[in-house]
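What follows is each chain in one-letter form.
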Amino acid sequence: MADEQTRRRVDSLRVEIEQHRRHYYVESAPQVSDAEFDALVRELRELEAQHPELDRPDSPTHTVGAPPAGGFASVAHRVAMLSLDNAFDEADLRRWAERNERLLGGTALRLTCELKVDGVAIAVSYVDGRLERAVTRGDGRSGEDVTANVRTIADVPDVLAVDAPPPLVEARGEIYYPVAAFEAMNDAREAAGEARFANPRNAASGALRQKDPRKTAERPLRLVCHGMGAVDGLAVAGHAEFLRWIGTAGLPVAEQTRTFDDLGAVLDYIAHWGEHRHDAEYEIDGVVVKVDELAVQRRLGNTSHGPRWAIAFKYPPEEQRTVLRDIFVNVGRTGKVTPFASFEPVRVAGSTLQLATLHNEDQARHKDVRPGDTIIVRKAGDVIPEVVGPVLSLRPPEVEAAGPWQFPRTCPFCGSPIERLEGESASFCTNVDCPNRLLESLAHFAGRGGMDIEGLGYETARTLRDEGVRAPPRRRLPADRRAAAAVGGVRREEGRGAARRHRSLQTAAVGAPAHRAEHPHGRRHRSRGPSPATSARWRRCVPPPSTRSPPSKGWDRSVPPRCAFLDNPRTQALLDDLAGLGLRMDTDAVKVDDALAGMTIVVTGNLAGFTRDEAKQAITDRGGRATSSVSKQTSLVVLGSDPGAQKVTKAAELGVPTTDEEGFVALLQTGAVPA
């Protein structure tokens, strides 16, 4: 028998889960991430399994969705819209498949896989080929009649494109907000001084529940169908066949759906879309795996919660919630002042995060996150940590009373004024000798984009700054052992290690092309690599007549600050110092030859002898063009280890030749595309 503490936990979980369901399904304002909600449901299900006497028919583990909200008519579903069980790893999926095969007496499963769209579940019914109604999931038994709003969605036909439509066809799917359109809308809202939406799913839900259909019509909502509800007079044998039929009839279906005869192929499909989850036009959070044959589905049947014949494989969450500790600002090598958030460590998409940029003053103001807030954190593009915004319903009263966070007006590192230039979103520390600006300059000066000095990283740069070294040094560094150890960042370092690092500092940059020295020194609008103004005009910038007719993208914006930077007496003195230290001042020798002139090359995967930047530089040094996407204009695709599958497939489809690293080296030497 369950003890009192377990009983209280079960009751608490049921109340909490029902509250979160209402926030998610009815109010379109979830207060926890999907992963956190799934964890609550799993805990409740495990407790009920351990203590059957606590299980109840009305438990959230046996129900789905939430009751319809007021404002829309409630409509009963002809066939219940059940939820799906979840798998979080390969073992979960194998257990599901093995259990179903046992129930079928050892019959092998034919499985259809489709992307799990993070949208608003909908059922659209056609009677004699005409749209009768569109209903949200609701609590699975009944939902909200949003037919008038759904009619405004371009993907939804009023009449099916078939000559003899069956008496009844109900397709189930997701209403979603395309990611590109969502980002554009958020940018427009921000420009207008309005708050950004947290994610496409919430935006789609809010748009679908507008009381005035004309408001819904203003949003670029889309529909994708992925399932069958009630049907009458339609003879199909399997799920994939049903999808093909409704696609022919004019309803949108996902082109990425695939059917397989073995679980290994299913796992490959899941792994592929785990790596390419941002390639689809909608947000996805997993893959749905379904037994394809309808007769087998009927044999397996349903539980009170969902069908036995389908399961959702969930990817690691890309969004999590955490508590914002504080907001700080950093000063970069150009003097740009960037705010960033420091929050309680949280695991997102496979890595632990505790810092994320807030970009600039405007972004920080629009997001309105405050120390003490519960915030949503994600990885933008699955890579860059980003704060989405606060969960306003969880904001403590004292945080609300404290008011918005204020962007500083003086530099926290040197106390100098911070100013924002007219027409720009960025703010800058006005002190060119700001200690943090010097630190960032030293680190960049020694980095791969600058002098590429091995062994001189960020911490070493910090030691150099603390020792009074500027970026770059105004004189050769002292050669005694103690100074060498200090320069190396480890004062206790003795013997040959310190001397070796010191020699690297003294000699690594000598002979490096001059354009690489310009990048780290804090000149704004500077990109990597040679540029029109850094060739013959490196020592003295004189804008050529061609600036009246821009010869390259970005010229108009970058020429004035480039010339101001190069003509500044401080810069001229700096360049003289570099020349005295042995830096090569000619840039015409940067280009090796024109062996790759007119060629466009894509490098994908990891190369043993080149970093990605080095490979691109080798291509451009020989007159070629390095790009990141395969197209008809691509001359060659270089395949390293673990190349992008989509790029390999695209190259094959377009007939673009490919080569390995050995062929790439030969190409750089000869200019001939390997056979």
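First things first, this report covers the structure right here in the doc. Predicted model, so just to flag it, every value in this text is computed and none were measured.

1. So, the overall build of the chain
Right, on to step 1. Check the secondary structure of the chain and you find 22 helices and 22 strands.
Right, on to step 2. Taking all 675 residues of the chain together, the buried fraction comes to 48%.
Right, on to step 3. Counting only contacts in the chain whose residues sit at least 6 apart along the sequence, the fraction spanning at least 24 positions is 69%.
Right, on to step 4. A total of about 32,200 Å² of accessible surface is found on the chain, and carbon and sulfur atoms cover 50% of it.

2. Points about the sheet that holds strand E20 (residues 625-627)
Right, on to step 1. Read across the open sheet, the four strands follow the order E20-E19-E21-E22; overall the sheet is parallel. Every interior strand has two partners, whereas the edge strands, E20 and strand E22 (658-659), have only one.
Right, on to step 2. Judged from the four bridges that link them, strand E19 (residues 600-604) and strand E21 (residues 636-639) form a sheet pairing that is parallel. Across the sheet, the residue bridging to Ile601 is Leu636, located in E21.

3. Some details on the side chain of Arg137
Right, on to step 1. Structurally, the position occupied by Arg137 is in the loop between strand E5 (130-136) and strand E6 (142-144).
Right, on to step 2. As a buried residue without a salt bridge, Arg137 has its nearest oppositely charged side chain in Glu174, at a separation of 5.0 Å.
Right, on to step 3. At 3.0 Å, the side chain of Arg137 and the backbone oxygen of Leu82 are in polar contact.

4. Let's talk about the sheet that holds strand E2 (residues 85-87)
Right, on to step 1. One open sheet accounts for five strands, arranged E2-E11-E10-E3-E9; its pairing is mixed. The sheet is open, and its two edges are formed by E2 and strand E9 (258-260), each paired on a single side. Direction aside, the axes of adjacent strands within the sheet are offset by 30 degrees on average.
Right, on to step 2. When strand E3 (residues 111-117) meets E9, the two strands line up antiparallel, connected through three bridges. Across the sheet, Cys113 pairs through a bridge with Arg258, a residue of E9.
Right, on to step 3. Contacting E2, E3, strand E10 (284-291) and strand E11 (310-314), helix H3 (residues 90-103) crosses the sheet at an angle of about 175 degrees to E11.

5. So, the packing of helix H13 (residues 435-446) against helix H14 (residues 458-466)
Right, on to step 1. Running from N to C, H13 and H14 cross one another at 130 degrees; their axes reach a closest spacing of 9 Å. Relative to H14, the element H13 is oriented oblique. In this structure, the crossing between H13 and H14 has a hand that is right-handed. Only Tyr458, Ala461, Arg462, Leu464 and Arg465 of H14 make contact with H13, whose side of the interface consists of Pro435, Asn436, Leu439, Glu440, Leu442 and Ala443.

6. Concerning the nonpolar core
Right, on to step 1. Ranked by size, the top nonpolar core spans 34 residues in total, and within it Leu93, Val266 and Val289 carry the most contacts.
Right, on to step 2. Listed by contribution, the elements that provide at least two residues to this core are H3, E3, helix H9 (263-275), E10, helix H10 (294-300) and E11.
Right, on to step 3. Per-element tally for this core: the top contributor is H9, with seven residues.
Right, on to step 4. Apart from the residues lying within four places of it in its own chain, the contact partners of Leu93 are Ala87, Leu263, Val266, Leu267, Ile270, Val289, Ile311 and Phe313.

7. Some details on the environment of Tyr176
Right, on to step 1. Along the chain, Tyr176 falls in strand E7 (residues 168-176).
Right, on to step 2. Each C-alpha atom, one on Tyr176 and one on Arg222, is 5.4 Å from the other, the two residues being 46 residues apart in sequence.
Right, on to step 3. Setting aside residues up to four positions removed in sequence, Tyr176 forms contacts with Val117, Ala204, Pro220, Leu221, Arg222, Leu223, Val224, Glu281 and Tyr282.
Right, on to step 4. Only 2.5 Å separates the side chain of Tyr176 from the side chain of Glu281, close enough to count as a polar contact.

8. A closer look at the packing of H3 against H9
Right, on to step 1. Two elements in contact, H3 and H9, have axes whose closest approach is 12 Å; the angle formed by their N-to-C orientations is 145 degrees. Crossing angle aside, the handedness with which H3 passes H9 is right-handed. Between H3 and H9, the contacting residues are Glu90, Leu93, Arg94 and Ala97 on the first element and Leu263, Val266, Leu267 and Ile270 on the second.
Right, on to step 2. Tallied by class, residues from the contact of H3 with H9 come to six nonpolar, no polar and two charged.

9. Details of the pairing of E11
Right, on to step 1. Of all five residues that make up E11, five are buried, and the element is covered over most of its length.
Right, on to step 2. Residues Ala310, Ala312 and Lys314 of E11 are buried on one face, and the alternating residues Ile311 and Phe313, pointing to the opposite face, are buried as well.
Right, on to step 3. For E2 and E11, the ladder comprises three bridges, and the chain directions are parallel. When the sheet's bridge partners are listed, Asn86 is paired in E11 with Ala312.
Right, on to step 4. One ladder, built from five bridges, connects E10 with E11; its direction is antiparallel. Counterpart to Gly286 in the pairing with E11 is Lys314.

10. Re the packing of aromatic side chains
Right, on to step 1. According to the stated counting rule, one finds seven aromatic pairs in the structure shown.
Right, on to step 2. Centre to centre, the rings of Tyr176 and Tyr282 are 4.9 Å apart; their planes meet at 80 degrees, and the pair counts as edge-to-face. A residue pair is termed long-range when its members are at least 10 positions apart, and Tyr176 in strand E7 and Tyr282 in the loop between H9 and E10 qualify at 106 residues. As far as the burial class goes, Tyr176 and Tyr282 line up, both buried.
Right, on to step 3. Sitting over the ring of Phe88, Arg42 keeps its end group 4.4 Å from the ring centre.

11. What to know about the pattern of salt bridges
Right, on to step 1. Under the criterion given, the structure shown has 26 salt bridges.
Right, on to step 2. Its salt-bridge partner being Glu114, residue Lys290 comes within 2.7 Å of it at the nearest N-O pair. Of the two residues, Lys290 sits in strand E10 while Glu114 sits in strand E3, which places them 176 residues apart along the sequence. Both residues of the pair, Lys290 and Glu114, count as buried.
Right, on to step 3. The closest approach of N and O atoms between Arg141 and Asp139, which form a salt bridge, is 3.1 Å.
Right, on to step 4. Look at Arg141 and you get exposed, because its relative accessible area is 53%.
Right, on to step 5. Residues joined in a network through salt bridges with shared partners are Glu361, Asp362, Arg365, Arg409 and Arg420.

12. Things to note about the state of the cysteines
Right, on to step 1. Evaluation of the coordinates by the stated rule reveals zero disulfides.
Right, on to step 2. The thiol of Cys414 is not disulfide-bonded; the next cysteine sulfur, from Cys429, is found 3.7 Å away.
Right, on to step 3. Take Cys414: its relative accessible area is 28%, and that puts it in the partly exposed class.

13. Focus on unusual backbone geometry
Right, on to step 1. You will see that Asp128, though not glycine, has its phi angle at about 55 degrees, which is positive.
Right, on to step 2. For Asp128, the position within the fold is in the loop between strand E4 (120-127) and E5.
Right, on to step 3. By relative accessible area, Asp128 is classed as exposed at 53%.
Right, on to step 4. The phi torsion at His359 lies on the positive side, around 75 degrees, for a residue other than glycine.
Right, on to step 5. With respect to the element layout, His359 can be found in the loop between strand E14 (351-357) and helix H11 (361-367).

Basis of the calculations
Residues numbered from 1 in each chain as written. Predicted model: local features only at pLDDT ≥ 70, side-chain atom pairs only at ≥ 80, totals over all residues. Heavy atoms only, no water. Helix = DSSP H or I, 4+ residues; strand = E, 2+ residues; numbered from the N terminus. Buried < 20%, exposed > 50% of the residue type's maximum accessible area, 1.4 Å probe, protein only. Contact = heavy atoms within 4.5 Å. Areas by Shrake-Rupley, 256 points an atom, 1.4 Å probe, with all protein chains shown as cover. Pairing = 2+ DSSP bridges. Lys, Arg positive; Asp, Glu negative; His and termini not counted. Salt bridge = Lys/Arg side-chain N within 4 Å of Asp/Glu carboxyl O. Polar contact = N/O pair within 3.5 Å; in protein donor to acceptor, adjacent residues only side chain to side chain. Axes fitted to C-alpha atoms, helices over the stretch in contact; angles between N-to-C directions. Parallel < 35°, antiparallel > 145°, perpendicular 65-115°, else oblique. Left-handed = near helix turned anticlockwise from the far one by under 90°. Core = buried A, V, L, I, M, F, W, Y, C linked by side-chain atoms within 4.5 Å. Nonpolar A, V, L, I, M, F, W, Y, C, P; charged D, E, K, R; others polar. Phe/Tyr/Trp six-rings, centres within 6.5 Å; stacked < 30°, edge-to-face > 60°. Lys NZ or Arg CZ within 6 Å of the ring centre and 35° of its normal. Disulfide = S-S within 2.5 Å.

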